[in-house]
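Survey of secondary and tertiary structure
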Amino acid sequence: MQSSLRISEVKFGVVPPLSPLTAEATPSKRQRCAPETPTATPPPPLPPVTAQPSGPTPSPSITKSASLADLTDHATLHSMPLTIVIFGATGDLARKKLFPSLYQLCMQGHLPSHLNIVGYGRSPVDLPAFIAKQCVNIKENRRALRLEHFTSRIQFHAGGYDAPPSYQSLDLTIRAYEEAHPSGKPGNRLFFLSVPPAVFGTVAEMISQHARAERGAFTRLMIEKPFGRDLQTFHELNQLTARHFEETQLFRIDHYLGKEVLLNISTLRWANSVFEPLWTREHIHSVQITFKENLGTEGRGGYFDGVGIVRDVIQNHLLQAFMFLAMDAPQTMCASDIVEMKVALLRSVKCVELQHTFLGQFAAGNGEKGYLDDETTPAGSRCPTFAACVLSVDNERWRGVPFLLTAGKGLDERLCEVRVRFKPQPYNKMMGVDAHNELVMRVQPDEALYMVAVAKTPGISAGVGRDERRTPVAMGLRYASQFGDGSPFVSGDAYERMLLNAARGDQALSVSAAELFESWRIFTPMLHQIDQEKPQPVVHAFGELPAGFIEWTESHGIDISPPARHWSAAEAEAHAAAAIAAAKAAEEAAARARAEEAKQADPFSDPSFML
Ligand SMILES: NC(=O)C1=CN([C@@H]2O[C@H](COP(=O)(O)OP(=O)(O)OC[C@H]3O[C@@H](n4cnc5c(N)ncnc54)[C@H](OP(=O)(O)O)[C@@H]3O)[C@@H](O)[C@H]2O)C=CC1
Ligand SMILES: O=C1O[C@H](COP(=O)(O)O)[C@@H](O)[C@H](O)[C@H]1O
C-alpha cells in the first residue's frame, strides 16, 4: 500500500516544459538593449562601506538584458565557427566540470560539431597526456559521441597570462580554425576564466586587446567566482572588466544559479497561485537555507584559507537562493527585470554583523582528518569552515522574519536545502497539534520539493478533534519519481547550463554587477572584522555540528529541531517506514481486540469452529 508519508508519490499534472529565456523566446523588452561594443567608461566611484543599508548610495546600474543582436539562436550558433578558450585548463574545475560539461553539450547537439576548444596554461603540455588527465570525468556515451571525436577538437596553447605575444599567437591559432570553416563567416569566441581571481583582470585585458572576435561575431567572457574579496576589491575588478567588456558580454558564474531546484523557485512561486499569498511575514515564521558538505577542503586548503566559508558559499550560492525566495515578482522573467527585483531586495537587507554570526571549524573526528590536518592549510589557521548568519530584511513583506543562512564543510552529509517554516494558526490548537508546516526545497541530493504537513494517522478509529492521532507527513514532489523512473535524477549539470547560456548570450543565469555590489555591501563589514580580529571559531569534530549552534539559532528565534533539522531523504524514508509499521501494529492490535470481542459475544464467529 502506498503511504502518504513517502516523499512524493503525489503526481501533479505535468504541463509542457517552459523554455529558458533564449533568442527564440525573446521578450520585447530586450529590444531596447545596448549593442555589443566595448566601453571605455568605468563604473562610478565606490561609496564608503557602512554598517547601514545602502539607501540612495550609487551602485552599478542595472544593464538591460541583451538585445536581439546580443543573443545567438541555435541556428546562428551552429552556422558559425565557435571557439571556447579555457584559461586554467590544467586545473581542478576544468577537470571536474568544464570538459565533462562541454562533452555533454556537444553530445546533445547544443554546441556545433565543429567546435574548437583551446586549453590555455602557463606551461607546455603533452596533449594526449593532458587530455587523458583532464577528460577523465567525462561519461562517454559511445553511441552518441565517441570520446575521441570530442577530444580531437581540443588543442592546448601555452603562455603567460600577462604576455601579449602569447595572446597574439592564440589569436592566430583561433583564426586558422575560423578561416578553415566552410561557412566563411567570422568566428564566435567564448573565453572561460578558470584561473585564480588574482589574474582575472589581466586576462580580461589581454583578451580584449589581442584576441577579440572579428566584427559580426561575439566575444564573451565567463568569469568564475569569487568576484573580489569585499566591496572594494569587487569594485576594482568590476572597473577593470567594464573597461574592456560590456556588461552584456560578461557572464559571472555562480553555478548554484544552474541548480534545478533553485531554478524552480520562481516557477513554484509565480506559476502557481497558492504560495504567493502566503509568502509574507503574516504567514512565514522563518526561513532556513542550509549547505552541508561531508568533505573537507581536499587539498584546496591553501585556496580556501584565504577565502573562508562565508566568501566560498554564503555570499554567493546561499544568497542567490535567498534572492529567489524573497524577491518580489519581477515585471517579466527577462534577466534585467529579475536583477532589478533582486537588487531592490538586497537593498533592504541590513549588513550582517559579526556578533550575529556563528563561526566553526571542523577538526578530526569520525575517522576523518580535520581542517588543520590538510597540509595545504596554514598551521593554526582560524579560518571558518562553518558559518551561520541571520539576514534581516527591512521591508513590508519580510520585516521580522529571520532568514538563517548556514554553510559548513566537514559535516555529516552532503545536503543543500531551503526550509520555509509557516506560522501556526490559532485553530491548530483544537486539533491538539503544534503544527510546524514547512515547505522544503531540497536542492541536493535527491532533488525534492515537499510540504511537511500534519495528517490524520490512518486507522479504524474515527475520533475527531483532540482524540484523533496525527502524524507529520511529507507531501510533495521527488524529482526522481516525478520526472524519471526513480533512479537518481539527472537533468544536466549546472555548468552545462552556464556554458550554453553564455554561448547563446543569455544572461538569465549570470550574476550582475549591481547585485554583487549589494551582496558585498551586506557581508563586507563582517568579513573585514573576521579578517582583522581572527575570532576563534568553535572547533567541532568532523561530521558533527559545533557545540552551541542549536542554542545560537534558538536565540535568533529559529528552531532547527527535527524534523526540520534531520529530515534527510533517507531519514524521511525511515521515518515513514517507522510510522507505517507503528500504524500497522496499532491496526493489527485493534483487529485482534475486535476479534476477541466478537469471540466473546459469539463463539461460532471464530473461523476455527467452521470446519
Ligand atoms: N575547483 C572548484 O571546485 C571550483 C573552483 N572555482 C573557481 O574556479 C577557478 C578555478 O578553480 P580551480 O580549477 O580549482 O583552480 P586551480 O587552483 O586548479 O587553478 C587553475 C589553473 O590556474 C593556474 N594557476 C594556478 N595558480 C596560479 C597562479 N598563482 N597564478 C596564475 N595561474 C595560476 C594553473 O594553470 P597553469 O599552471 O597551467 O597555468 C591551474 O591549473 C577559481 O577562480 C576558483 O575560485 C569555483 C567554484 C568551484
Ligand atoms: O563553489 C563551490 O561549490 C562547491 C560545492 O558545489 P556543489 O555543486 O558540489 O554543491 C564547494 O565544494 C566549493 O568549496 C565552492 O567553492
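Residues numbered from 1 in each chain as written. Chains lettered and ligands numbered in written order. Predicted model: local features only at pLDDT ≥ 70, side-chain atom pairs only at ≥ 80, totals over all residues. Heavy atoms only, no water.

A short note on the site of ligand 2
Close to ligand 2 lie Lys225, His255, Tyr256, Lys259, Glu293, Arg300, Asp312, His317, Lys409, Arg414 and Gln444. Measuring from an oxygen atom of ligand 2, one finds a side-chain N or O atom of His255 at 2.9 Å. Here an oxygen atom of ligand 2 sits 2.8 Å away from a polar atom, N or O, in the side chain of Lys409. Calculation on ligand 2 without its partners gives an accessible area of 390 Å², and the protein chains cover 83% of this total. Grouping the constituent residues of the shell around ligand 2 by class yields one nonpolar, three polar and seven charged. (Near = heavy atom within 4 Å. Polar contact = N/O pair within 3.5 Å; in protein donor to acceptor, adjacent residues only side chain to side chain. Areas by Shrake-Rupley, 256 points an atom, 1.4 Å probe, with all protein chains shown as cover. Nonpolar A, V, L, I, M, F, W, Y, C, P; charged D, E, K, R; others polar.)

Regarding the UniProt feature "domain: Glucose-6-phosphate dehydrogenase NAD-binding" (unreviewed entry) in the chain
If you check UniProt for "domain: Glucose-6-phosphate dehydrogenase NAD-binding" (unreviewed entry), the listed places come out as residues 85–264 in our numbering. Counted over residues 85–264, helix gives 42% and strand 16%. Its end C-alpha atoms are 31 Å apart. (UniProt positions renumbered as here; feature names shortened; annotations may be inferred. Helix = DSSP H or I, 4+ residues; strand = E, 2+ residues; numbered from the N terminus.)

Concerning the packing of aromatic side chains
For the structure shown, the criterion picks out 21 aromatic pairs. Taking the centre distance of 5.4 Å and the plane angle of 80° together, the rings of Phe362 and Phe542 count as edge-to-face. Here the residue Phe362 occupies a position in strand 8 (residues 357–363), and Phe542 occupies one in the loop between strand 15 (538–541) and helix 15 (549–555), the gap between them amounting to 180 residues. Owing to a relative accessible area of 6%, Phe542 belongs among the buried residues under this scheme. With a centroid separation of 6.1 Å and 15° between ring planes, the pair formed by Phe549 and Trp552 is classed as stacked. Note that Phe549 and Trp552 are positioned in helix 15 at a spacing of three residues, about one turn of the helix. (Phe/Tyr/Trp six-rings, centres within 6.5 Å; stacked < 30°, edge-to-face > 60°. Buried < 20%, exposed > 50% of the residue type's maximum accessible area, 1.4 Å probe, protein only.)

Remarks on unusual backbone geometry
If a residue is not glycine, its phi is most likely negative; likewise, a peptide bond is most likely trans. A cis amide bond links Lys225 to the next residue, Pro226, at an omega of 0°. Following the sequence through the fold, Pro226 ends up in the loop between strand 5 (219–223) and helix 7 (231–244). Its identity is not glycine, yet Asn366 carries a phi of approximately 50°, on the positive side. Looking at the secondary structure, you find Asn366 in the loop between strand 8 and strand 9 (386–391).

Some words on empty space enclosed by the protein
If you roll a probe as big as a water molecule over the atoms, it shows you where there is empty space left. As enumerated under the stated definition, the model contains five cavities of 30 Å³ or more in all. Along the walls of the second largest cavity sit Phe227, Asp254, Gln315, Asn316, Leu319, Gln320, Met323, Val511, Glu515, Leu516 and Ser519, which together make up its complete lining. Of all the secondary-structure elements, those providing two or more residues to the lining of the second largest cavity are helix 10 (308–326) and helix 14 (513–533). Looking at the lining of the second largest cavity element by element, the count peaks at five residues for helix 10. A breakdown of the residues in the lining of the second largest cavity according to their chemical character gives five nonpolar, four polar and two charged. (1 Å grid on protein atoms, 1.4 Å probe; cavity = no way out; pocket = protein on both sides within 12 Å on 5 of 7 lines; lining within 4 Å. Points joined across faces, edges and corners; volume = space filled by probe spheres on them.)

Let's talk about the site of ligand 1
In the vicinity of ligand 1 lie 19 residues, with Thr90, Asp92, Leu93, Arg122 and Tyr161 positioned nearest. Here Thr90 contributes a side-chain N or O atom positioned 2.6 Å from an oxygen atom of ligand 1. Tyr161 places a side-chain nitrogen or oxygen 2.7 Å from an oxygen atom of ligand 1. Relative to its unbound accessible area of 880 Å², ligand 1 is 75% covered by the protein chains. With three residues, the single largest contributor to the shell around ligand 1 is helix 2 (residues 92–107).

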